[in-house]
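Chain by chain, the residues:
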Amino acid sequence: MKENLSSLLEVRNLTIDFHTMDGIARAINGVNFSLFKKEKIGIVGESGCGKSVTVLGIMGLLQKPPAKVREGQVLFKGRDLLTLPEREFAEIRGSKISMIFQNPMTSLNPVFTIGNQMGHVIRIHQGLRKKESIEKAIELLQEVGIPSPEKRIDEYPHQLSGGMRQRVMIAMAISCRPQLIIADEPTTALDVTIQAQIIDVIQDIIDRFESSLILITHDLAVVAETVERVLVMYAGKIVETGSVQELFESPKHPYTQGLLGWITNIETERGKLPTIDGMVPSIFNLPEGCSFSNRCKQCIPICIRQEPPNIEIKPGVLCRCWLYSEER
Ligand SMILES: Nc1ncnc2c1ncn2[C@@H]1O[C@H](COP(=O)(O)OP(=O)(O)OP(=O)(O)O)[C@@H](O)[C@H]1O
Ligand SMILES: [Mg+2]
């Protein structure tokens, strides 16, 4: 961990429920982490573990209801975003913090040209005039590697390839030089050949702007290449935190060990999709003890009775597992 750098974002005990017809879904259960200036972190975990809800909660983009932030703080440069009036929050969102989503087609409006949409965003946040905002848009398209941006600017989203559309989304996200960029599965909807290019664009932008990055991805190879630190999530909790190297060389939590094995198997046994045995518990009815206990091969009696503490195994390496506790 980079203790000498000050933290840009500090998420404290973030707890988010969804109030649904079927009851209360405990989607996020006390998430804690900090992100330093210029730091790049990844969030990994199986589908439904709460990656998107965590970052949408940080961005204040969850629809309330059904979502309810039951507890927690999201400190951005020391200010709790969750207590800000919506207008102030909206100002920070899009200028200081930007988000890149999975599917650029759903975020771009099909009836407006790229220039129109980018110009609009730039005018709102930077108060530029129309002509200046178009010039700025062209400049931004250039920054994300779109060839002949002065032509592209007059095109509609459907005229661009998926990769180009994602570049446009990135260009929009960086128009105010945000200090924090959150990318939620930014390449999942794209062709494999394009995925690496988009990751390169994001990397390049982050390095040039000296921004921080939160990257959510299923792709552990991308995690290994792109980020410095990883948060592993399971059932709405961070179960392991550590540097990329630590995580890949010596995963601590049985869940992380399973995840890594799972990926290796995919590579070695094509066509077969082995998973970690057993089912993720329902977030409507989470178990008393460790949420992973029913699937864990190393489960001991206390795991079923009592939630494991978050143990600092060594500096910067945290793991929520009884196996590492002396109290068990
Ligand atoms: N609007 C909602 N109402 C009820 N439950 C929701 C809602 N949005 C998300 N959830 C639940 O919250 C949990 C976390 O969802 P989330 O979208 O964060 O998962 P994820 O880790 O991003 O998964 P994926 O990898 O598939 O994107 C899931 O169980 C999901 O069903
Ligand atoms: Mg998601």
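These numbers were taken from a predicted model, which means no experiment stands behind them.

Would you mind going over the overall build of the protein with me for this structure?
When helices and strands are counted, the protein shows twelve helices and twelve strands. For the protein, the C-alpha radius of gyration of 21 Å lies close to 20 Å, the compact-globule estimate for 328 residues. Split into buried and exposed, the 328 residues of the protein put 50% on the buried side. Across the protein, every contact between residues at least 6 apart in sequence was considered, and the portion connecting residues at least 24 apart equals 64%. Here the protein displays about 16000 Å² of accessible surface, and carbon together with sulfur accounts for 51% of that area. Side-chain charges in the protein split into 37 positive and 39 negative, and the spacing between the mean points of these groups amounts to 4 Å.

I tried to follow the pattern of salt bridges on my own but got confused; where do I start?
Opposite charge on two side chains permits them to pair, given that their charged atoms come into close proximity. Applying the stated criterion across every chain yields a total of 18 salt bridges. Beyond isolated ion pairs, a larger network of salt bridges with shared partners links Glu-143, Arg-177, Asp-204 and Arg-208.

Teacher, can you tell me more about the pairing of strand 8 (residues 212-216) here?
Successive side chains on a regular strand alternate, one facing one side of the sheet and the next facing the other. Counting buried positions over the five residues of strand 8 gives five, a clear majority of the element. Burial along strand 8 is two-sided: the face carrying Ser-212, Ile-214 and Ile-216 and the face carrying Leu-213 and Leu-215 are both buried. In this structure, strand 3 (residues 40-44) lies alongside strand 8, joined through four bridges in parallel fashion. Following the sheet pairing, Ile-43 is matched in strand 8 by Ile-216. One ladder, built from five bridges, connects strand 7 (residues 180-184) with strand 8; its direction is parallel. Bridge assignment links Ile-182 to a residue of strand 8, and that residue is Ile-214.

Please explain the nonpolar core as it appears in this structure.
Nonpolar side chains tend to gather and get buried jointly when the protein is soluble and globular. Core analysis: the biggest nonpolar cluster contains 51 residues, and Met-118, Val-168 and Ile-170 have the highest contact counts within it. Those residues in contact with Ile-170, other than ones at most four positions away along the chain, are Ile-100, Val-144, Ile-198, Val-201, Ile-202 and Ile-205. In terms of nonpolar packing, the next biggest core, distinct from the first, is built from 37 residues, Phe-33, Leu-35, Val-55 and Leu-81 among them.

Is there a simple way to think about the confidence of the model for the protein in this case?
Confidence in the prediction for the protein averages 90 pLDDT; 94% of positions are at 70 or higher. The low-confidence segment residues 263-274 (pLDDT under 50) makes five contacts with residues lying over four places distant or belonging to another chain.

Hey, could you run me through the packing of helix 4 (residues 114-126) against helix 5 (residues 130-143) in this one?
Axis angle and axis distance: for two packed helices, these are the angle between their axes and the distance between the axes, and together they describe the pair. Where helix 4 meets helix 5, the closest approach of the two axes is 8 Å, and the angle between their N-to-C directions is 110°. In this view, helix 4 runs roughly perpendicular relative to helix 5, as classed from their interaxial angle. Note that helix 4 runs across helix 5; the crossing there is right-handed. Together, Ile-114, Gly-115, Met-118, Gly-119, Ile-122, Arg-123 and Gln-126 of helix 4 and Lys-130, Ser-133, Ile-134, Lys-136, Ala-137, Leu-140 and Leu-141 of helix 5 make up the contact between the two elements. Class assignment for the residues of the contact of helix 4 with helix 5 results in seven nonpolar, four polar and three charged.

I would appreciate a short explanation of the site of ligand 1 in the present structure.
Of all residues adjacent to ligand 1, which total 14 residues, the nearest are Ser-47, Gly-48, Lys-51, Ser-52 and Val-53. Between an oxygen atom of ligand 1 and a main-chain N or O atom of Gly-50, the distance comes to 3.0 Å. The contact in question runs from an oxygen atom of ligand 1 to an N or O atom on the side chain of Ser-52, over 2.8 Å. For ligand 1, the protein covers 64% of the area, taking 640 Å² as the surface of the free molecule. A total of three residues in the shell around ligand 1 trace back to one element, the largest contributor, which is helix 1 (residues 51-59).

How should the side chain of Thr-217 be read in this particular structure?
Along the polypeptide, Thr-217 turns up in the loop between strand 8 and helix 9 (220-226). Its relative accessible area of 5% is what places Thr-217 among the buried residues. One polar contact links the side chain of Thr-217 to the main-chain amide nitrogen of Asp-219, over a distance of 2.8 Å. For Thr-217, the contacting residues outside a window of four places in its chain are Ile-43, Val-44, Glu-185, Val-222 and Val-223.

In this structure, what is going on with the sheet that holds strand 8? I would like to understand it.
Strand-to-strand pairing in sheets goes through backbone hydrogen bonds, with the strands running parallel or antiparallel. Taken in spatial order, the eight strands of this open sheet run 6-7-8-3-9-10-12-11, and their pairing is mixed. Because the sheet does not close on itself, it has two edges, and the strands there are strand 6 (97-100) and strand 11 (310-314). The average undirected angle you get between the axes of adjacent strands in this sheet is 20°.

Would you explain unusual backbone geometry in this entry?
Here the residue pair Lys-64 and Pro-65 is connected by a cis peptide bond, since its omega of -15° sits within 30 degrees of zero. By the element assignment, Pro-65 lies in the loop between helix 1 and strand 4 (67-76). Note the cis peptide between Pro-65 and Pro-66, where omega equals 10°. Secondary-structure assignment places Pro-66 in the loop between helix 1 and strand 4. With a phi angle near 50°, Lys-77 is a residue other than glycine that sits in the positive phi range. Tracing the backbone shows Lys-77 in the loop between strand 4 and strand 5 (79-80).

What counts and how
- Residues numbered from 1 in each chain as written.
- Chains lettered and ligands numbered in written order.
- Predicted model: local features only at pLDDT ≥ 70, side-chain atom pairs only at ≥ 80, totals over all residues.
- Heavy atoms only, no water.
- Helix = DSSP H or I, 4+ residues; strand = E, 2+ residues; numbered from the N terminus.
- Rg over C-alpha atoms; globule rule 2.2 N^0.38 Å.
- Buried < 20%, exposed > 50% of the residue type's maximum accessible area, 1.4 Å probe, protein only.
- Contact = heavy atoms within 4.5 Å.
- Areas by Shrake-Rupley, 256 points an atom, 1.4 Å probe, with all protein chains shown as cover.
- Lys, Arg positive; Asp, Glu negative; His and termini not counted.
- Charge placed at Lys NZ, Arg CZ, Asp CG, Glu CD.
- Salt bridge = Lys/Arg side-chain N within 4 Å of Asp/Glu carboxyl O.
- Pairing = 2+ DSSP bridges.
- Core = buried A, V, L, I, M, F, W, Y, C linked by side-chain atoms within 4.5 Å.
- pLDDT = per-residue confidence, 0-100.
- Axes fitted to C-alpha atoms, helices over the stretch in contact; angles between N-to-C directions.
- Parallel < 35°, antiparallel > 145°, perpendicular 65-115°, else oblique.
- Left-handed = near helix turned anticlockwise from the far one by under 90°.
- Nonpolar A, V, L, I, M, F, W, Y, C, P; charged D, E, K, R; others polar.
- Near = heavy atom within 4 Å.
- Polar contact = N/O pair within 3.5 Å; in protein donor to acceptor, adjacent residues only side chain to side chain.

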